[in-house]
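Secondary and tertiary structure notes
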Amino acid sequence: MHIRSLKSQYLFRIAVSLFWAVVTGALWMSVWTNRGSSHIYDTLLFWAVVATLALLFFLYWQYGLYRAHTRKVLFLLEALENDDASVHFVETEANRDNRLVSQALNKVAQILYKVKNETAQQEKYYELILECVNTGILVLNDNGAVYQKNSEALRLLGMEVFTHVRQLERVDSHLMEVVTACCPGDKLQAVFSNERGTVNLSIRVSDIHVHQEHLRILALNDINNELDEKEVDSWIRLTRVLTHEIMNAVTPITSLSDTLLTLMNEADASDPSASQEEIRNGLQTISSTGKGLLSFVENYRRFTRIPTPEPSLFYVKAFLQRMVDLARHQHAEAHVVYQLEVVPDDLILYADESLVSQVVINLLKNAIQAIESGGCTGTEGRICLRAYCNEAEAVLIEISNNGPAIPADIAEHIFIPFFTTKEGGSGIGLSISRQIMRLSGGSITLLPKGETTFVLKFN
């Protein structure tokens, strides 16, 4: 038993192999030095060959122990691959080297199983989180296969099983096209109908690389309720404005009409001219009030009848220069300096030029009026127009002026239809501008700080 244990020792086998290598080398050296004596030479050559064969045997013997330990490692890896947690190597062997190897492999197995269990628990934890959120989550590869989805996504899409994007064709063909063609960074909307009614879906797309594979992550939200609330809120605010304007016009008309009827009934026959003069003044007031009401209604019609954009390509620099020349001509008396900067010079925009010109002309007119109302004492009125392309390849046009800043409480309402702080203003210029930009697939915003700056963004 002791001899068998000794044979299993790495050091013993190495020592035997080294010793026999020295013996073999010595024999071959003797063969080399005794080449002249045929009898001794043949004997030494015979034993040198025997020693060489024995050395090869000892080396194979050494390799056998290494291979035994290698088989243990391969067995462990195979067990891990097959999720076999029962594998355990004997740690009570008499051979110290075998015992240490077995102990090390058992520790490695415990660590790997622990990591694997923790990973599985984390995956389960994240799956539970996905199931709890009110946002639908889809994870797709570039071929359209569904890697991950939560129950909210299935509910929004009206599906029970979802493994590939092509299945969306049964829900709505346009929705399938949108999901198939979406790219990271996109913010999309898709409207479709199912057994629950009309679904207005908001889709936000991001991406990630996992195991050298590109995956798209889609966040889905049904925004019907939000749109309904915003629509109701917009109608309430618009109704308030309409009611205010109509009441302001109708109240004096009603009052004057009653007054005129009273005057006609109580007309003094001795002084008819006085009654006629009062009636004439009242009728003039009614006429001017009625014209004001007609003008308000006409502005409302303009707001609700913006034509569909017909986009085309045009150079931004030449377009803005024409807008500046037109503003100079329309407001020749204004003491304003215009600064124009377009980067690059040949920047091109794809939009409806005539509709965009309405937006720019309105912003330039507002800027001139703001500069004139502020007086700009000690400084010269200045309007800056700057156009450039951002990292997302969207074209931005900034129009700023050094007139008085718009107060924060007013800035919140400037895009509401018919809201105005100007004497005789219609209050629809910025509202129409925002609607034109939305129809053009862009947006108009007022920067919150610094000079009054409006930004037109064309995606």
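Residues numbered from 1 in each chain as written. Predicted model: local features only at pLDDT ≥ 70, side-chain atom pairs only at ≥ 80, totals over all residues. Heavy atoms only, no water.

1. A look at the overall build of the protein chain
Along its length, the protein chain carries twelve helices and twelve strands. Counting only residues that meet the buried cut, the protein chain has 34% of its 459 residues in that class. Look at the contacts in the protein chain between residues 6 or more apart in sequence, and 56% of them connect residues 24 or more apart. Within the structure as shown, the protein chain displays about 29,100 Å² of accessible surface, and the carbon and sulfur contribution to it stands at 57%. (Helix = DSSP H or I, 4+ residues; strand = E, 2+ residues; numbered from the N terminus. Buried < 20%, exposed > 50% of the residue type's maximum accessible area, 1.4 Å probe, protein only. Contact = heavy atoms within 4.5 Å. Areas by Shrake-Rupley, 256 points an atom, 1.4 Å probe, with all protein chains shown as cover.)

2. Digging into the pattern of salt bridges
What the rule picks out here adds up to six salt bridges. E353 is the salt-bridge partner of R322, the closest N and O atoms lying 2.1 Å from each other. Residue R322 is located in helix α9 (residues 316–330), and its partner E353 is located in helix α10 (residues 353–374); the two are separated by 31 residues in the primary sequence. For R322, a relative accessible area of 41% corresponds to the partly exposed category. The partner of D325 in a salt bridge is R328, and the shortest N-O contact between them spans 3.6 Å. Of this pair, D325 and R328 both sit in helix α9, three residues apart, which is roughly one turn of that helix. Residue classification places D325 among the partly exposed residues on the basis of a relative accessible area of 38%. (Salt bridge = Lys/Arg side-chain N within 4 Å of Asp/Glu carboxyl O.)

3. What to know about helix α6 (residues 173–181)
Burial in α6 covers these residues: L175, M176, V178 and V179. Buried residues in α6, looked at end-on, bunch into an arc of 165°, giving them a common side. The N-cap residue of α6 is D172: its side-chain oxygen and the backbone nitrogen of H174 are 3.0 Å apart. (Arc of directions from axis to C-beta. Polar contact = N/O pair within 3.5 Å; in protein donor to acceptor, adjacent residues only side chain to side chain.)

4. So, the side chain of N150
Tracing the backbone through its elements, the reader meets N150 in the loop between β2 (146–149) and α5 (151–157). Taking relative accessible area as the criterion, N150 reaches 1% and is therefore assigned buried. When near neighbours in sequence (up to four residues on either side) are disregarded, N150 contacts L130, E131, V133, T135, G136 and I137.

5. Structural notes on the environment of T180
Tracing the sequence through the fold places T180 in helix α6. Here T180 falls in the partly exposed class, since its relative accessible area comes to 46%. Taking the C-alpha atoms as reference points, T180 and N143, separated by 37 residues in sequence, lie 8.9 Å from one another. Apart from the residues within four sequence positions on either side, T180 is in contact with V165 and R216. There is a polar contact of 2.7 Å between the side chain of T180 and the backbone oxygen of M176.

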